[in-house]
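# Examination of the molecular architecture
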Amino acid sequence: DLYDFAYVPPSHVPFLTTAQIASIPDPGPFSEWTAEARAALTRTQVQALNVSSVRINKLTSTQIGWLTTAQIQALDFYDFANLSPFQVPFLTAAQIASIPDPGPFSEWTAEARAALTPVQVQALNVASVRIDKLTPTQIGWLKTGQLQSLPWTSIELLQARQIPILLPAQFVDIP
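Residues numbered from 1 in each chain as written. Predicted model: local features only at pLDDT ≥ 70, side-chain atom pairs only at ≥ 80, totals over all residues. Heavy atoms only, no water.

For Gln63, the location among the structural elements is in helix α6 (residues 61-65). At a separation of 2.7 Å, a polar atom in the side chain of Gln63 contacts the main-chain carbonyl oxygen of Arg38. A polar atom in the side chain of Gln63 sits 2.9 Å from the backbone nitrogen of Thr60. Once you skip the residues sitting within four places of it in the chain, Gln63 turns out to touch Arg38, Ala39, Ala40, Leu41 and Val46. (Helix = DSSP H or I, 4+ residues; strand = E, 2+ residues; numbered from the N terminus. Polar contact = N/O pair within 3.5 Å; in protein donor to acceptor, adjacent residues only side chain to side chain. Contact = heavy atoms within 4.5 Å.)

Turning next to the pattern of salt bridges. In total, this model carries two salt bridges according to the counting rule given. We note a salt bridge from Arg55 to Asp79, for which the minimum N-O separation is 3.0 Å. In this pair, Arg55 is assigned in the loop between α5 (51-54) and α6 and Asp79 in the loop between α7 (69-72) and α8 (93-97), connecting sequence segments 24 residues apart. Overall, the relative accessible area of 1% leaves Asp79 in the buried class. Asp132 is paired through a salt bridge with Arg130; the nearest N and O atoms lie 3.8 Å apart. Here Asp132 falls in the partly exposed class, since its relative accessible area comes to 42%. (Salt bridge = Lys/Arg side-chain N within 4 Å of Asp/Glu carboxyl O. Buried < 20%, exposed > 50% of the residue type's maximum accessible area, 1.4 Å probe, protein only.)

Written out as structure tokens, the structure reads:
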């Protein structure tokens, strides 16, 4: 029974089958495990986890590094901050577009945010997420629609060539 997995000693965790690991339905049973037991999961076991349901925040950084591209592309926005800069480019544009506000995005490391590709940056809802956490190069990748959705507080971060793209209404509220 999957609720008994929490009682498996760390030394025996590697003997759990990938089918048993894949049967974990949500973060509840997985969070009942000790940190040592979770850390004993092998690469094959980690790659069997249904990370879209179980979450990755209880894995070690090494184990997170073992995630497959498919697993990375199954993550929800609240787990993106756990990814390394090398894994960020595997996130889909739709995943990046799902980031609802600056909170989750600000939890990423600066290196992870800097690893965003042009396609990913162009998927960001910058009206909600804000651009102050992007690099100047990434700000230069913003599309017209993104630029025209920015609040006046972001104008100072733009490159000179981007200013003419802004709408007159974006300047109205500048104090």
